[in-house]
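Below, each chain spelled out in residue letters.
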Amino acid sequence: MVQGVGFRPFVYRVANKFRLKGEVENRNDGVIIEIEGVESAINEFVNDIRHNAPPASYIESIHVSPVGIKSFKGFSIIPSTNISDEITLISPDIAVCKDCLDDMRSQQHRLDYPFINCTNCGPRFTIIKNLPYDRVNTTMDMFPMCDTCRAEYSDVLDRRFHAQPVACHSCGPVYTLNEKSVKIEKLALILRRLQELLDDDGIIAIKGVGGYFLACDALSTKAVEKLRKLKNREGKPFAVMFADEQALKEYTFTDEYELQAVKSWQRPIVLLGKKNDLAWSVTKGFPTIGAMLPYMPFHYLMFENIRQKVLVLTSGNFSDEPIFIDDEKALEKFLPDCEAVLSYNREIYNRVDDSIVHVVNQKARLIRRSRGYVPVPIKLEQNADGIVAAGAELVNCFCLGKGNMAFLSQHIGDLKNMETYLFYIESFNRFKDLFRVEPKLFVADLHPDYLSTRFADQSGLPVLKVQHHHAHIASCMAEHGLDEKVIGVAFDGVGLGDDGKIWGGEFFISDLSGYDRLTHFEYQQMPGGDKATLNPWRMAVSYLYSIYGESLMDLDLPFLHQVQEEELNVVIQMLEKNFNCPETSSAGRLFDAVAGLTGLCLFSDFHAEAPMRLEGAIKGRSDEMYNMDSGEIINVKPMIRQIVTDIQKNVPGSEISLKFHNTIVDIIQKIVNSVSKETGLKKVVLSGGTFQNRYISEKIEIKLQLSGLEVYMNEKIPCNDGGIALGQLAIATKKRGQV
Ligand code: ZN
Ligand code: ZN
Ligand code: FE
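Note that the structure is predicted; figures quoted are calculated from it, not measured.

Caption draft 1: Spotlight on the coordination of the iron ion (ligand 3). For the iron ion (ligand 3), the protein coordination sphere consists of His468 (NE2), His472 (NE2), Asp492 (OD) and Asp721 (OD), at 2.0 to 2.2 Å. Each of the four donor atoms bound to the iron ion (ligand 3) contributes to angles spanning 87 to 167°, and the resulting shape is irregular. Sequence spacing of the donor residues for the iron ion (ligand 3), all on one chain, is H-x3-H-x19-D-x228-D. With Asp492 in strand β22 (residues 486-496) and Asp721 in the loop between β30 (710-713) and α23 (724-735), this residue pair connects regions lying 229 residues apart in the sequence. Taken as a pair, Asp492 and Asp721 share a single burial class, namely buried.

Caption draft 2: Expanded view of the nonpolar core. Core analysis: the biggest nonpolar cluster contains 74 residues, and Phe45, Tyr175, Leu194, Phe298, Met302 and Leu342 have the highest contact counts within it. Mapped onto the domain boundaries, this core takes at least three residues apiece from domain 1 (7-81) and domain 2 (175-344). Apart from residues lying up to four places away in sequence, Met302 is in contact with Leu191, Leu194, Ile206 and Leu311. If you look at the next biggest cluster of nonpolar residues, it comprises 71 residues, including Phe507, Val684, Leu704 and Leu709.

Caption draft 3: Summary view of the pattern of salt bridges. For the structure on display, the rule yields 47 salt bridges. Across the pair Glu34 and Lys70 runs a salt bridge whose closest N-O atoms are separated by 2.8 Å. Taken as a pair, Glu34 in strand β2 (residues 30-36) and Lys70 in the loop between α2 (39-52) and β3 (75-81) lie far apart in primary sequence, 36 residues in all. The class of Glu34 is buried, set by a relative accessible area of 17%. Of the residues examined, Lys70 reaches a relative accessible area of 49% and is grouped as partly exposed.

Caption draft 4: A look at helix α8 (residues 256-263). Looking only at α8, the buried set comprises Glu258, Leu259, Ala261 and Val262. Looking straight down α8, one finds its buried side chains confined to an arc of 160°; they lie on one side. Exposed positions of α8 whose direction lies more than 90 degrees from the buried face are Glu256 and Gln260.

Caption draft 5: Structural view of the environment of Ile509. One can find Ile509 in strand β23 (residues 502-510). C-alpha of Ile509 to C-alpha of His470: the two residues are 39 residues apart in sequence and 9.9 Å apart in space. Other than its neighbours up to four places away in sequence, Ile509 contacts Lys485, Val486, Gly514, Tyr515, Asp516, Leu518, Val675, Thr679 and Leu681.

Caption draft 6: Highlighting unusual backbone geometry. Residue Val374 is joined to Pro375 through a cis peptide bond whose omega torsion reads 10°. Even without being glycine, His162 reaches a positive phi, approximately 55°. Considering the arrangement of structural elements, one finds His162 in the loop between α4 (147-154) and β4 (175-179). Unusually for a residue other than glycine, Asn650 sits at a positive phi of about 60°. Mapping Asn650 onto the fold places it in the loop between α20 (637-648) and α21 (653-679). Classification of Asn650 by relative accessible area gives exposed; the value is 67%.

Caption draft 7: Geometry of the packing of helix α18 (residues 587-597) against α21. Contact geometry of α18 with α21 gives a least axis separation of 11 Å together with a crossing angle of 160°. The pairing of α18 with α21 is recorded here as roughly antiparallel in orientation. α21 is crossed by α18, and the crossing has right-handed handedness. Contacts between α18 and α21 pair Leu590, Phe591 and Val594 from the former with Phe660, His661 and Ile664 from the latter.

Caption draft 8: Spotlight on the coordination of the zinc ion (ligand 2). Within the first shell, the zinc ion (ligand 2) binds the protein through Cys146 (SG), Cys149 (SG), Cys168 (SG) and Cys171 (SG), at distances of 2.2 to 2.4 Å. With four donor atoms in place around the zinc ion (ligand 2) and angles of 101 to 118° between them, the coordination shape is tetrahedral. Cys168 gets classed as buried once you look at its relative accessible area, which sits at 1%.

Caption draft 9: Summary view of the pairing of strand β21 (residues 463-466). Only one face of β21 is covered, namely the face carrying Leu464 and Val466; the face carrying Val463 and Lys465 is uncovered. Direction of pairing for strand β20 (residues 441-445) relative to β21: parallel, over a ladder of four bridges. From the neighbouring strand, Asp445 faces β21, where its bridge partner is Val466. At this point the chain moves from β20, through helix α13 (residues 451-457), to the parallel β21, and the crossover so formed is right-handed.

Caption draft 10: Representation of helix α6 (residues 221-231) in the model. Listed in full, the buried residues belonging to α6 are Ala223, Val224, Leu227, Arg228, Leu230 and Lys231. Relative to the axis of α6, the buried residues are bounded by an arc of 165° and lie together on one face. Turned more than 90 degrees off the buried face of α6, the exposed positions are Lys222 and Lys229. The inward-facing, buried residues of α6 abut β7 (212-217), α9 (280-283) and β12 (310-315). Positive backbone phi, approximately 55°, marks Asn232, located one or two places after α6.

Caption draft 11: Broad picture of the sheet that holds β20. Spatial ordering of the open sheet is given by β16-β19-β18-β17-β20-β21, a layout of six strands whose pairing is mixed. Of all the strands in the sheet, just β16 (378-379) and β21 have a single pairing partner and so form its edges. Here four bridges tie strand β18 (residues 399-402) to strand β19 (residues 405-408), and the two strands are oriented antiparallel to one another. Pairing of Leu400 across the sheet is with Phe407, part of β19. Here helix α12 (residues 418-434) sits on the sheet and contacts β17 (387-389), β18, β19 and β20; the angle it forms with β18, its principal contact strand, is near 15°.

Caption draft 12: A negative patch on the surface, seen in detail. On the surface, a cluster of negative charge is made up of Asp326, Glu328, Glu332 and Glu347. Tracing the backbone through its elements, the reader meets Glu347 in the loop between β13 (340-344) and β14 (356-360).

Caption draft 13: The packing of aromatic side chains, seen in detail. Evaluation of the coordinates by the stated rule reveals 31 aromatic pairs. When the centroid spacing of 6.1 Å and the interplanar angle of 75° are considered together, the rings of Phe125 and Phe431 count as edge-to-face. Residue Phe125 is found in the loop between α3 (98-106) and α4, and its partner Phe431 is found in helix α12; the two are separated by 306 residues along the sequence. For Phe125, a relative accessible area of 1% puts it in the buried group. Overall, Phe431 belongs to the buried group, its relative accessible area being 2%.

Caption draft 14: Local environment of the domain arrangement of the protein chain. For the protein chain, the domain assignment lists domain 1 (7-81) and domain 2 (175-344). The distance between the C-alpha centroids of domain 1 and domain 2 comes to 43 Å.

Caption draft 15: Expanded view of the pairing of β22. With nine of 11 residues buried, β22 is to be regarded as a mostly interior element. Examined bridge by bridge, β22 and β23 share eight bridges and lie antiparallel to one another. Of the residues in β23, the one forming a bridge with Phe491 is Gly505. Between the end of β22 and the start of β23, which pair antiparallel, lie five residues, with Gly500 showing a positive phi angle near 85°. Note: β22 against strand β29 (residues 683-687), four bridges, orientation parallel. Note that in β29 the partner of Val489 across the bridge is Leu686.

The rules behind these values
- Once a new chain begins, its residue numbering starts again from 1 and follows that chain's sequence as written.
- Key to labels: chains lettered from A, ligands numbered from 1, both in the order written.
- For this predicted model, a pLDDT threshold of at least 70 governs which residues receive local features, and a threshold of 80 or more governs which side-chain atom pairs are given and counted, while totals over whole chains, interfaces and linings are taken from all residues.
- Here the side-chain values reflect all heavy atoms present in the structure, with hydrogen atoms and water set aside.
- Only nitrogen, oxygen and sulfur atoms qualify as donors, and only when within 2.8 Å of the metal (3.2 Å in the case of Na, K and Ca); with water excluded, sites may look incomplete.
- Angle rules define the geometry names used: all angles between 85 and 135 degrees makes four donors tetrahedral, while opposite donors over 155 degrees apart and all other angles between 65 and 115 make four donors square planar and six octahedral, leaving every other case irregular.
- The numbering of helices and of strands both runs from the N terminus, where a helix is a DSSP run of H or I of at least 4 residues and a strand a run of E of at least 2.
- Think of it in three bands: with a 1.4 Å probe and only protein chains considered, a residue is buried below 20% of the maximum accessible area for its type, exposed above 50%, and partly exposed in between.
- In these notes, a set of buried Ala, Val, Leu, Ile, Met, Phe, Trp, Tyr and Cys residues joined through side-chain atoms within 4.5 Å is what counts as a nonpolar core.
- Note that the domain bounds were set by an automatic or database domain assignment.
- The contact criterion used throughout is that any non-hydrogen atoms of two residues lie within 4.5 Å.
- Each reported salt bridge corresponds to a side-chain nitrogen of Lys or Arg within 4 Å of a carboxyl oxygen of Asp or Glu.
- Regarding the arc, it is the one traced by the directions from the helix axis to the C-beta atoms.
- Where helices are involved, their axes are fitted lines through C-alpha atoms of the stretch in contact, as for all axes, and angles between N-to-C directions lie from 0 to 180°.
- Throughout, the term roughly parallel applies to angles under 35 degrees, roughly antiparallel to angles over 145, roughly perpendicular to angles from 65 to 115, and oblique to all others.
- Handedness of each helix crossing follows the sense of rotation of the near helix against the far helix: counterclockwise by less than a right angle gives left-handed, clockwise gives right-handed.
- The rule for pairing is simple: two strands pair if DSSP sees at least two bridges between them.
- The definition of a right-handed crossover adopted here requires that, viewed with the strands pointing away, the path from the first strand over the helix to the second runs clockwise.
- Patches in this entry comprise residues that are over 30% relatively accessible and not in a salt bridge; like charges within 9 Å are linked, as are nonpolar side chains (Val, Leu, Ile, Met, Phe, Trp, Tyr) within 5 Å.
- Under the convention used here, a 1.4 Å probe and the Shrake-Rupley method define accessible areas, while residue burial counts only the protein chains that appear.
- Asp and Glu are treated as the negative residues and Lys and Arg as the positive ones, with His and the ends of the chain left uncounted.
- Lysine's charge is taken at NZ, arginine's at CZ, aspartate's at CG and glutamate's at CD.
- Centres within 6.5 Å make a pair out of two Phe, Tyr or Trp rings, where for Trp the six-membered ring is used; the pair is then stacked when the planes are under 30 degrees apart, edge-to-face when over 60, and tilted otherwise.

Okay, structure coming up:
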């Protein structure tokens, strides 16, 4: 990764430092450096490049070989040439760097200039329309450089040498604050006005790097409640931005790894333990805070000028729509209900949401991969050229193969939303063009009704269908470069199985080309199909019915009193007649059932709320657990009976949840260990959305490692359906001959 990250100027400066002569050239297959000088200096030069390269650059390998002497006069950067159809990588967007923040205080033409950037920082992917990465191919094309900026841009010793988005007060983009009746264009006035609006519990739509965000005072209950209403989203916690590290530490618990993640140049949202309360409605009772630090120059200016140390900064959209990037639309949609819309006049070309990370066992793991990470490719062990993967449906990302690189898209979202589906098609076509991929084979989920599967089916290309959970396991194998038989554990919400039933609690022996399903959770009726997903109490009733029949009512469990009697009777009848009750082995639905039984979450307002509430309820630590039978299939009924007894004994939900989680960890451990003993396999791959559960992933990773196994979990890509496309792609590399 050398384009747009200040790599050539860096090489130039290092060459100067060691008084070496020669040249550096960017080609689309990498960087070529010819160098002449004393051997020891050349060695130091190579070392320096290896260890001190610009933060956002990435060196995969360095090859050194002798060439003939050319008697160079000095060191020079020669213009880029395209020598092959290999790919040029595109840098993701990079948070503003420290040097630029200093320049913002000292450079006359950039005092308080909110679009300051350099070769080491600034927008990249979000403004790129085409390759090569030159200003004319970005949305900066409408801002001709002033003489001062051009001089910096052309000076190889300047920090802004060939920084494509270089800009200053006299030539670059500007902010405008739009209120219902006034427009403010002067930055100092905008900042002052922001303070007033925030103090008055106002909501402000703020244009960020990859889209619009909605901001308000995170300590103001009134403002946050208003934002909740506006967003039509009752349950999902809001992310917040802290002014600085000090403010972050006041409200959250952080260890060194979490700090490292939250301060990284990618500046993701990091899920941190809550130390002090924000307005209740920010986290809605969850024990974690989705926290980030400023990443745009404007964020720094803003926090210097307002009293607030923490703002809600949630994506600017309504329910399942993609985040808004269009200025007109933002005005039209936000201005009626927000106090102001803060915009700037540079177009966002590629939309990206904030990325989300959490740290488990000292490793940062991506839950949502977007800003700061996309479009960095994942290197595969196999040739994936011309294979395109459609992804899943609910948390969609797609993936394109070029050579042995896999280009996983930014987070797209739920394709069932029309706008999101259009975003999917648009992004797919853009990736195809940008990375010059000529699709030859489509790979999609087995589920015929996923819109991604239909998109593949309509492409006219041969389509390979891949089982959902096999793709989960393969996604993790691919990111760790595994290409052999492994023990695979896939736990998630739902995915279609090859027996036509809904899977989601699966133990495999698998490699990239196939899998054996060893065992799974016993099939359970899912009353109303998708309706059960939205109403965790339905799964609770389903499990109870399968054990107690109609006498489940005699158990007199408190949660049943919170459900409308009529609806409850309908569900019981559905179960009795087995009407509209698809069968599932899903782990997610089992978590739903326990969340329902304990009354921790009867109705789900957003995807995976019930398992999150269940995990969030855990207090303290113990090794207590329930019983589960792991014969040919896993029988959870003994556990459900014990949970019922606990509820009848008034054992608190927090304790039941803890015991339940321990039981799940234990069952995985037992089965994996016995499979390993039988087969001799030592590598275990755990994937699927359930492993976003911190308690479970933390425990199971350690326990399996202690029993001598090599444990692999997703880190660079999400273990949820956002990672599926990479798995599909990896599987297709093995099966392309069969289609
Ligand atoms: Zn910078
Ligand atoms: Zn300028
Ligand atoms: Fe899944």
